[in-house]
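# Close look at the chain arrangement
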Amino acid sequence: MPWLQVKLEIEPSLADQFEDLLLTAGALSVTYQDCQDQPIYEPELGTTPLWSNTRITGLFEADHDMQATEDWLRLSVAQIQPAATFPQLSVEILEDKDWEREWMKSYKPMQFGKRLWVCPSWCDAPDPTAVNLMLDPGLAFGTGTHPTTELCLRWLDSIDTQHKTVTDYGCGSGILGVAALLLGADSVLAVDIDSQALQATETNLARNKLTSERLSVYLPEDAPDLKTDILVANILSGPLVALAPAIAQRVKTNGLLALSGLLENQEEEIINAYSTWFVLQPAVALDGWIRISGSRK
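Residues numbered from 1 in each chain as written. Predicted model: local features only at pLDDT ≥ 70, side-chain atom pairs only at ≥ 80, totals over all residues. Heavy atoms only, no water.

## Quick word on the environment of Ala273
Going by this rule: For helices the rule is a DSSP run of H or I covering at least 4 residues; for strands it is a run of E covering at least 2, with both sets numbered from the N terminus onward. For every residue, the accessible area obtained with a 1.4 Å probe (protein chains only) is divided by the maximum for its type, and the residue is called buried under 20%, exposed over 50%, and partly exposed between those limits. Whether two residues are in contact is decided by their heavy atoms, any of which lying within 4.5 Å being enough.
Relative to the helices and strands, Ala273 resides in helix H9 (residues 267-274). For Ala273, a relative accessible area of 16% puts it in the buried group. The spatial distance from the C-alpha of Ala273 to the C-alpha of Leu243 is 9.3 Å, given a sequence separation of 30 residues. Dropping the residues within four chain positions of it, Ala273 is found in contact with Val241 and Ala244.

Shown next, in the form of C-alpha cells:
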C-alpha cells in the first residue's frame, strides 16, 4: 500500500507547533530534515537543536484526505499566528517498499587496511581467509560506513593487537571492540552510556562466535578501574575533552590511544587536552573528520 507524505519548510521555532498539528490531523509519524546541508555535529548536552531551515514531514495513509488536512493546517496557523506566512507545502506519494531490505541491499562488505573486512551478517565474506567481522548494526551507531569508524578500524588493523587488552570507550555497535578481538586481542572492556549499545555489542560478539569471557560491557559508572594496552574512543570532542583524565588513567604506560569522532578544526583542542599524558601523532584526516593517536607517557 502506498503512503502520502506532506512536507513543509519551517523555522525551528515553529517545529513543535507543526508537529502537534500534523499529529492531530492524523499523521502516523513526523520527521525533521535539514533543508540546506547545515549539519549539527555536536549539540550541547540536554538540547535537541534544529536547522535554521527545517523540513517537517508528516506520513499519512493513502486514503487520507490531504486537501482537507491542508485547509485545516492553513486555518489553524492563521488562528494561532495571524501575521505569519504559511510555509511552502508539498504532498507526495510514497510507494510502499520493504524498507529494511532496501537498506540491506545498500550495505555491502568493506575492507579496512590490509587484513580486516566488515561484512553485514546477511552477506558472504568476499575473502574467507581474511579477518572477517560479521556485523548487524541493529539500533546502535557503528557500521564502518562513517569516516570516524573507518579511521579507527584502519588504525586497529595497522597496530599489533596480538595478546593485548583493549578498552572500547563509547562502543556503540561494538564494531571496534569485536574487530580488536578478531585481530588478536585477548580481551576487550566495552563502555557506553546507552544500554541498547551494550546489547548490540553483545549480539555482534556472539555473531562472530566470540565468547562473553573475552568482552565485557559496562555503563561508565559500572566499569572497573582497569588499565589496558590499547584504548580507542570514537565519540565527540566535548566528551573526549571532559573525559581526558579518566581516559588517560585507563591506558598502561607505553599503551596506545586512538581518538575519533572529531572534526578537523577540533584537533588543537584535543591535543591540548591529552598531551599531558600522551605523546601524540599528527592527525589523520578523512572527509573532514580526523583521528588522533599516540602512546602513554
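So much for the structure itself; the text now carries on.
## Some details on helix H2 (residues 66-80)
Heads up, the condition is: Here the expected length of a helix is defined as 1.5 Å per residue gap, with one fewer gap than residues. Arc definition: directions from the helix axis to the C-beta atoms. Between N or O atoms, a polar contact is any pair within 3.5 Å; within protein, one atom must be a potential hydrogen donor and the other a potential acceptor, and residues adjacent in sequence are included only when both atoms are from side chains.
Across its 15 residues, H2 extends 21 Å between first and last C-alpha, which sits within 8% of the 21 Å expected from 1.5 Å per residue. For H2, the full list of buried residues reads Met66, Thr69, Glu70, Leu73, Ser76 and Val77. Relative to the axis of H2, the buried residues are bounded by an arc of 130 degrees and lie together on one face. Packing partners of the buried residues in H2 comprise strand E1 (3-10), helix H1 (15-24), strand E3 (54-61) and strand E4 (89-94). Among the residues of H2, the N-terminal cap falls to Asp65, whose side-chain oxygen and the backbone nitrogen of Gln67 are separated by 3.3 Å.

## Section: the sheet that holds E1
Definition in use: Note: two strands are recorded as paired if DSSP finds a minimum of 2 bridges between them. Fitted lines through C-alpha atoms serve as axes, helices being fitted only where they are in contact, and the angles separating the N-to-C directions of these axes extend from 0 to 180 degrees.
On the basis of which strands lie adjacent, the open sheet formed by 4 strands has the order E2-E3-E1-E4 and antiparallel pairing. Only two strands of the sheet have a single neighbouring strand rather than two, namely strand E2 (29-34) and E4. Here the strands of the sheet are splayed against their neighbours by 25 degrees on average, with no regard to which way each runs. Judged from the 6 bridges that link them, E2 and E3 form a sheet pairing that is antiparallel. Note on E3: the bridge partner recorded for Tyr32 is Ile56. Its contacts with the sheet put H1 on E1, E2 and E3, and the angle it makes with E3 is roughly 10 degrees.

## What to know about the packing of H1 against H2
Here is the rule we go by: By definition in this entry, angles of less than 35 degrees are roughly parallel, angles greater than 145 are roughly antiparallel, angles of 65 to 115 are roughly perpendicular, and the rest are oblique. Note: crossing handedness is left-handed where the near helix turns anticlockwise from the far helix by less than a right angle, and right-handed where it turns clockwise. Polarity classes work like this: nonpolar for Ala, Val, Leu, Ile, Met, Phe, Trp, Tyr, Cys and Pro, charged for Asp, Glu, Lys and Arg, and polar for all others, with Gly in that last group.
Look at H1 against H2: their axes get within 11 Å of each other, and the N-to-C directions meet at 140 degrees. Our classification of the angle between H1 and H2 gives oblique. H1 and H2 meet at a crossing whose hand is right-handed. For the pair formed by H1 and H2, the contact residues are Gln17, Phe18, Leu21, Leu22 and Thr24 on the first element and Trp72, Leu73, Ser76, Val77 and Ile80 on the second. Taken together, the residues that form the contact of H1 with H2 break down as 7 nonpolar, 3 polar and no charged.

## Remarks on the nonpolar core
Put simply, the rule reads: In this description, a nonpolar core means a group of buried Ala, Val, Leu, Ile, Met, Phe, Trp, Tyr and Cys residues linked to one another through side-chain atoms lying within 4.5 Å.
The biggest cluster of nonpolar side chains holds 32 residues, and the ones touching the most others in it are Leu116, Val118, Leu133, Leu153 and Leu156. Taken together, the elements giving at least two residues each to this core come down to strand E5 (110-112), strand E6 (116-120), strand E7 (131-135), helix H4 (147-158), helix H5 (175-182), strand E9 (187-191), helix H6 (195-207) and strand E11 (228-234). Element by element, the count of residues in this core is highest for H5, at 6 residues. The contacts of Leu133, once residues within four sequence positions are left out, are Leu116, Trp117, Val118, Cys119, Ile175, Val178, Ala179, Leu182 and Asn208.

## Quick look at the pairing of E11
Of all 7 residues that make up E11, 7 are buried, and the element is covered over most of its length. The sheet contact formed by strand E8 (residues 165-169) and E11 spans 4 bridges and is parallel. Note on E11: the bridge partner recorded for Val166 is Ile230.

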